[in-house]
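Geometric and topological summary
One letter stands for each residue in the lines below.
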Amino acid sequence: MFKNLTVYRIGPDWSAEAATIEAALDKERFVACGATQQKSSGWVEPRGEAHAPLVEAVDGHLLLKLMTEQRVVPGSVVKRRVEEIAEQMEKSTGRKPGKKLMKELKEQALLELLPMAFTKQSVTRIWVAPKQRLLMVDSGSQSKAEEVVTMLIKALDGLALTLVQTEMSPAVAMTHWLGTGEPPYQFTIDRECELKSTDEMKSIVRYARHDLDTEEVKQHIVSGKVPTRVAMTWRDRVSFILTESMQLKKVAFLDVVFEGPMAVAGKMDKGEAFDADAAIATGELIELIPDLLEALGGEQVMGLGSPAPLAEAPASPARTESAAQPRELHPVADHAPPWDA
């Protein structure tokens with residue numbers, strides 16, 4: 001059900017009530033692109049069934065789904081059409097179009113071509129864990145995750161979200177794990193990683209289907225290369241790739257997770273199968289996330305027992321200088337650049 005996870009902390013002043021969220025998202029339902037519209041985004045039924053709820057509640061967790069449709073016009077096609085129009089214009093006027101006019105011609109060409117373009121649709125799943133006050137976006141791209149978060153903040157009054165930050169950065173933790181050959185408790189290191197140098201060369205070494213507990217890998221660490229991605233498995237139940245920005249990618253549930261449910265899977269209808277998949281995915285991952293945060297030194301806090309800071313809370317003198325600063329995401333400002341689909 002989930003392939004990637006970007007994890008956000010929900011602010012203290014918002015109540016995750018299914019009926020309220022449903023009413024708000026109903027105003028922003030998905031509508032297909034118009035003839036000359038390049039992109040359209042809106043909310044659809046998580047079950048994929050027409051007229052079903054836009055918010056599905058399963059075992060205390062809430063599931064949403066965003067649909068995005070784009071009309072795809074290759075840049076080469078636009079360029080060729082612009083050149084055709086410019087050539088016709090030059091023949092009729094005897095003058096080459098200037099830079100400003102060429103920009104207008106590009107817009108004209110795009111409008112001409114959009115009605116003939118194929119459309120491409122993609123969906124992004126959102127999972128809300130009200131009890132834990134967490135919100136997860138199934139996107140491997142940070143920019144896409146923040147685009148989804150911006151839409152949610154616009155739609156849901158009072159919602160504030162911050163990226164979950166940890167006391168130890170994933171890059172520092174992964175460096176330690178690979179350098180010592182000692183993974184954190186409850187986790188194992190798998191056979192894939194990416195290392196990048198911090199000098200001006202920015203050289204990259206990638207390992208796939210390769211033992212990482214070797215002198216060769218450790219030598220790369222000693223020479224200054226920093227892990228940006230490391231494949232891991234949690235409790236022999238869920239495998240994933242941890243990134244330097246603390247995204248979880250290529251999330252996969254191992255066979256042991258399905259041993260009980262698979263025995264009756266053939267007897268389930270489509271609706272029951274959705275509920276079972278959702279319950280398994282959320283049930284496993286909601287236990288994995290705290291273990292991962294603990295492996296990274298715990299969630300970054302402003303004071304004893306307080307959650308990750310939201311908005312303009314004052315900086316704590318106890319925080320390390322190297323810790324990344326959490327930040328509140330707003331619907332208009334705060335568009336930072338970057339689970340892969």
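If you're wondering where the values come from, they're calculated on a predicted model, not measured in any experiment.

Rules and cut-offs
- Residues numbered from 1 in each chain as written.
- Predicted model: local features only at pLDDT ≥ 70, side-chain atom pairs only at ≥ 80, totals over all residues.
- Heavy atoms only, no water.
- Helix = DSSP H or I, 4+ residues; strand = E, 2+ residues; numbered from the N terminus.
- Buried < 20%, exposed > 50% of the residue type's maximum accessible area, 1.4 Å probe, protein only.
- Areas by Shrake-Rupley, 256 points an atom, 1.4 Å probe, with all protein chains shown as cover.
- Core = buried A, V, L, I, M, F, W, Y, C linked by side-chain atoms within 4.5 Å.
- Contact = heavy atoms within 4.5 Å.
- Salt bridge = Lys/Arg side-chain N within 4 Å of Asp/Glu carboxyl O.
- Axes fitted to C-alpha atoms, helices over the stretch in contact; angles between N-to-C directions.
- Parallel < 35°, antiparallel > 145°, perpendicular 65-115°, else oblique.
- Left-handed = near helix turned anticlockwise from the far one by under 90°.
- Nonpolar A, V, L, I, M, F, W, Y, C, P; charged D, E, K, R; others polar.
- Pairing = 2+ DSSP bridges.
- Expected span 1.5 Å × (residues − 1).
- Phe/Tyr/Trp six-rings, centres within 6.5 Å; stacked < 30°, edge-to-face > 60°.

1. A look at the overall build of the protein chain
Of regular secondary structure, the protein chain possesses seven helices and 12 strands. Burial status across the protein chain gives 44% buried among its 341 residues. With the model as given, the accessible surface of the protein chain reaches about 18,300 Å², and the carbon-plus-sulfur share is 53%.

2. Re the nonpolar core
If you look at the biggest cluster of nonpolar residues, it comprises 45 residues, and the most contacted ones within it are W127, F240, L242 and L285. Sequence-distant contacts of L285, that is, excluding residues within four places in its chain, are made with F2, L5, W127, V238, V251 and F253. Residues L64, L135, A155 and L163 belong to the second largest nonpolar core, which totals 26 residues.

3. Some thoughts on the pattern of salt bridges
Enumeration over the complete set of coordinates arrives at 16 salt bridges. With a closest N to O distance of 2.8 Å, E112 and R81 form a salt bridge. With E112 in helix α3 (residues 99-113) and R81 in helix α2 (residues 75-93), this pair connects stretches of sequence that are 31 residues apart. The exposure class assigned to E112 is partly exposed, which follows from its relative accessible area of 32%. Linked through salt bridges whose partners overlap, the residues forming this network are D26, R29 and E45.

4. Brief notes about the packing of α2 against α3
Two elements in contact, α2 and α3, have axes separated by 9 Å at closest approach and are oriented at 120°. Judged by the inter-axis angle, α2 sits oblique to α3. Pair α2 / α3 crosses with right-handed handedness. Here α2 contributes V77, V78, R81, V82, I85, A86 and M89 to the contact with α3, which in turn contributes L101, M102, L105, K106, Q108, A109, L110, E112 and L113. Counted by class, the contact of α2 with α3 contains 12 nonpolar, one polar and three charged residues.

5. Some points on the packing of helix α5 (residues 170-180) against helix α6 (residues 215-222)
Look at α5 against α6: their axes get within 8 Å of each other, and the N-to-C directions meet at 140°. In this view, α5 runs oblique relative to α6, as classed from their interaxial angle. Once α5 is placed against α6, the crossing between them reads as left-handed. Along the contact surface, α5 presents T175, L178, G179 and T180, while α6 presents V217, K218 and I221. Classifying every residue of the contact of α5 with α6 gives three nonpolar, three polar and one charged.

6. Some words on the pairing of strand β5 (residues 118-129)
With 11 bridges connecting them, strand β4 (residues 61-72) and β5 associate as antiparallel partners. In the sheet register, L64 faces β5, and the bridge partner there is I126. Judged from the four bridges that link them, β5 and strand β6 (residues 134-137) form a sheet pairing that is antiparallel. Residue pairing in the sheet places I126 in a bridge with V137 of β6. The antiparallel hairpin formed by β5 and β6 contains four residues in its connecting segment, where R133 sits at a positive phi of about 55°.

7. Comments concerning the side chain of T228
For T228, the location among the structural elements is in strand β10 (residues 226-234). Judged by relative accessible area, T228 falls into the buried class, the value being 5%.

8. Concerning the sheet that holds strand β8 (residues 187-196)
Read from one edge to the other, the open sheet built from five strands follows the order β9-β8-β10-β11-β12, with strand pairing classed as antiparallel. Each having just a single partner strand, β9 (204-208) and β12 (248-253) make up the two edges of the open sheet. If you compare each strand with its neighbour and ignore which way they point, the axes differ by 15° on average. Bridge analysis of β8 against β9 gives five bridges, and the strand direction is antiparallel. Its bridge partner being in β9, K196 is matched across the sheet by I204. Where α5 meets the sheet, its contacts fall on β8, β10 and β11 (238-243), and the angle it forms with β10 comes to roughly 70°.

9. Some points on helix α4 (residues 142-155)
With 14 residues, α4 should reach 20 Å at 1.5 Å per residue; the first-to-last C-alpha distance of 20 Å fits that figure. All buried positions along α4 are accounted for by Q142, K144, A145, E146, V148, V149, T150, L152, I153 and A155.

10. Describing the packing of aromatic side chains
Evaluated as defined, the whole model comprises three aromatic pairs. Pairing F2 with W127 gives two aromatic rings, centres 5.4 Å apart and planes at 25°, and the pair type is stacked. With F2 in the segment before β1 (6-10) and W127 in strand β5, this residue pair connects regions lying 125 residues apart in the sequence. With relative accessibility at 2%, the residue F2 sits in the buried group. For W127, a relative accessible area of 0% corresponds to the buried category. Ring plane angle 85° and centroid distance 6.2 Å describe the contact between F187 and F240, whose orientation is recorded as edge-to-face. You can see F187 sitting in strand β8 and its partner F240 sitting in strand β11, a full 53 residues away along the chain. Since its relative accessible area comes to 2%, F240 is described here as buried.

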